[in-house]
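# Overview (structure and organization)
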Amino acid sequence: MRTQWASSKQSWPCAWQRLCSTEAPRAGGKSSRLFDAHAGIVNASRARFLCAHAPAGRVLDVGCGNGDFLAQAKKRGWDVTGVELSALACEEAAARLGGNVYRGDLAELELPAGSFDAATLWHVLEHITTPHELLEELNRVLKPGGALIVEVPDCGNPVFRAFRQHYFHLDLPRHVFFYDRATLRAMIEGHGFAVDSEDAPSWYYPEGIAKSMGYLLEGEGNGKTRWRKALSLMACPFFLLVT
């Protein structure tokens, strides 16, 4: 679920924490190359979404990982800044982007108020134990009328209802909060943002179906991953096509 929000003039103090860090680079192979190709196309789609909802300016990506999304945004004329907890990811992102990547807690960086035209949270909010504080800080650093784009798994979608405990995007214990459209809207509106648009990315449902089916077929707790890997690889060309 992808939601774009326009910021208000309110400002907020904050502290935030991201629980998961970027993995070490994977060894080369067909599966990793397919994953990287899919990730690249998804991030290009995200950059196009950003450009469709805000004029190019300064963008802050919280939980920027290896900087792939920011690299796509930079190609489209954005002045990019990233924040990430993983030292390895920060190093890779800084090398790719030529700097402007900060490691640590967003609030501790004390970025100037009203310094960004847009901010993005690509599958980050569900990892945050203090989401209200994060939203407050993002409101502070955004310019009046700036855009906040949030993408999270949608626990109200039909794939979740069908697979329940086998739903791929539950991703326990790394995901600590789960949102549907109504709860996400209520939380963000409660922090002074106004909803501009909502969108479900084209790759979201087929990916959820394929990987959730893999969890269901391999069974709970048996330690086998062959079904999940097989279905993910089979579905990858479709993900590339629809994205």
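Please read all numbers here as calculations on a predicted model, not as lab measurements. (Residues numbered from 1 in each chain as written. Predicted model: local features only at pLDDT ≥ 70, side-chain atom pairs only at ≥ 80, totals over all residues. Heavy atoms only, no water.)

### Describing a nonpolar patch on the surface
Rule in force here: Distance thresholds for patches are 9 Å for like charges and 5 Å for nonpolar side chains (Val, Leu, Ile, Met, Phe, Trp, Tyr), applied to residues having over 30% relative accessible area and no salt bridge. Accessibility throughout is a Shrake-Rupley quantity obtained with a 1.4 Å probe, and a residue counts as covered only by protein chains that appear here. Salt bridges are defined by distance alone: a side-chain nitrogen of Lys or Arg within 4 Å of a carboxyl oxygen of Asp or Glu. The way it works is that DSSP assigns letters per residue, a run of H or I at least four long becomes a helix, a run of E at least two long becomes a strand, and they are numbered from the N terminus. Accessibility here uses a 1.4 Å probe with only protein chains present; expressed as a share of the type maximum, an area under 20% marks a residue as buried, one over 50% as exposed, and anything in between as partly exposed.
Taken together, the side chains of M213, L216 and L217 present a nonpolar region at the surface, about 230 Å² in accessible area. Considering the arrangement of structural elements, one finds L217 in helix α8 (residues 204–218). With a relative accessible area of 42%, L217 lands in the partly exposed category.

### Considering unusual backbone geometry
At N100, a position not held by glycine, the phi torsion is positive, near 60°. Here N100 shows up in the loop between α3 (87–97) and β4 (101–103). On the basis of relative accessibility, which here comes to 39%, the residue N100 falls in the partly exposed class. Of note in this structure, H123 is not a glycine but carries a positive phi near 50°. Relative to the helices and strands, H123 is located in the loop between β5 (116–122) and α5 (131–141). Owing to a relative accessible area of 16%, H123 belongs among the buried residues under this scheme.

### Comments concerning the side chain of E126
Note the cut-off: Charge assignment: positive for Lys and Arg, negative for Asp and Glu; neither His nor the chain ends contribute. Contact criterion: two residues are considered in contact whenever any of their non-hydrogen atoms come within 4.5 Å of each other.
Position of E126 relative to the elements: it lies in the loop between β5 and α5. R174 provides the closest opposite charge to the buried, unpaired E126, separated from it by 7.9 Å. Those residues in contact with E126, other than ones at most four positions away along the chain, are E151, V152, P153, R174, H175, V176, F177 and Y179.

Bear in mind that shape data such as this cannot, by itself, settle questions of function.
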